[in-house]
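One letter stands for each residue in the lines below.
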Amino acid sequence: MYREGTLAGPISIGDEHRRMENYKKTKIVEKPCLHPFTNLPPDIIEMKVKDGSKIRNLMGYAISKMELDSVRQILFTGSGKAVSKTITCVEIMKRRLKELHQITKVLFKQIEEIWEPIVPEAGLDTLTVKRNIPAICVLLSKDALNPQEPGYQAPGSFDAFCIETLSAESQGQVKRKHGGGRGAGSTGKHPHFTGGAPREPCAKS
């Protein structure tokens, strides 16, 4: 039997720890989300940045592609803890190729965590925990983009403040996780962005 719940409400770390100390997280399901960009080329290179991705490996491939005359655009995407790493990759690319136009879209994605009782004989139900996590999609283009599009940045602009903010947020999540026991942390706080892009809602499945 599955019983849905949420840990994103106003509960303390201690309450969350006591609630989840008898459970173990066994699965994470990422719900489908509307893509914030439309009319992209079907063969566009998309760099899906993960929390465990190596920036050196990502950028070695991405830069080698963007240095080709035939490649005009590239898309970087990341969510959760990978958001700050995604922005770092974007800034590295913009410093390597100076004349890139940028459009940034910020959104929230829904994930479902499946938590199973550590001791099945205890009579506890399996829990499905829904969370909304921040995500980012960044389009970089050698060709001009619409400067009126929300989230547009002209060539030569950088998001240093954004990187610092997201790095601090990421470090805070790690500290809360270490201090809060085995339960997953609450996602009540989200990074703030300076690029002016609106937060796009995900599709409800």
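(A) Quick look at the overall build of the protein chain. Within the protein chain one finds 4 helices and 8 strands. Helices and strands appear in the protein chain in the N-to-C order β-α-β-β-α-β-α-β-β-β-α-β. Taken over 205 residues, the protein chain has a buried fraction of 40%. Considering only contacts in the protein chain between residues 6 or more positions apart, those separated by 24 or more positions represent 82%. In the structure as shown, the protein chain presents an accessible area of about 11600 Å², 53% of it carried by carbon and sulfur atoms.

(B) Representation of the environment of Lys-54. Position of Lys-54 among the secondary structure elements: in the loop between β3 (45-48) and α2 (55-66). In the structure, Lys-54 is positioned 31 residues away from Lys-85 in sequence and 9.3 Å away in space, judged by C-alpha atoms.

(C) Spatial organisation of the side chain of Thr-104. With respect to the element layout, Thr-104 can be found in strand β5 (residues 101-117). Of the polar contacts made by the side chain of Thr-104, one reaches the side chain of Gln-102; its length is 2.8 Å.

Reading guide: rules and limits
Residues numbered from 1 in each chain as written. Predicted model: local features only at pLDDT ≥ 70, side-chain atom pairs only at ≥ 80, totals over all residues. Heavy atoms only, no water. Helix = DSSP H or I, 4+ residues; strand = E, 2+ residues; numbered from the N terminus. Buried < 20%, exposed > 50% of the residue type's maximum accessible area, 1.4 Å probe, protein only. Contact = heavy atoms within 4.5 Å. Areas by Shrake-Rupley, 256 points an atom, 1.4 Å probe, with all protein chains shown as cover. Polar contact = N/O pair within 3.5 Å; in protein donor to acceptor, adjacent residues only side chain to side chain.

It is worth stressing that arrangement in space is one thing and function is another; only the former is reported here.
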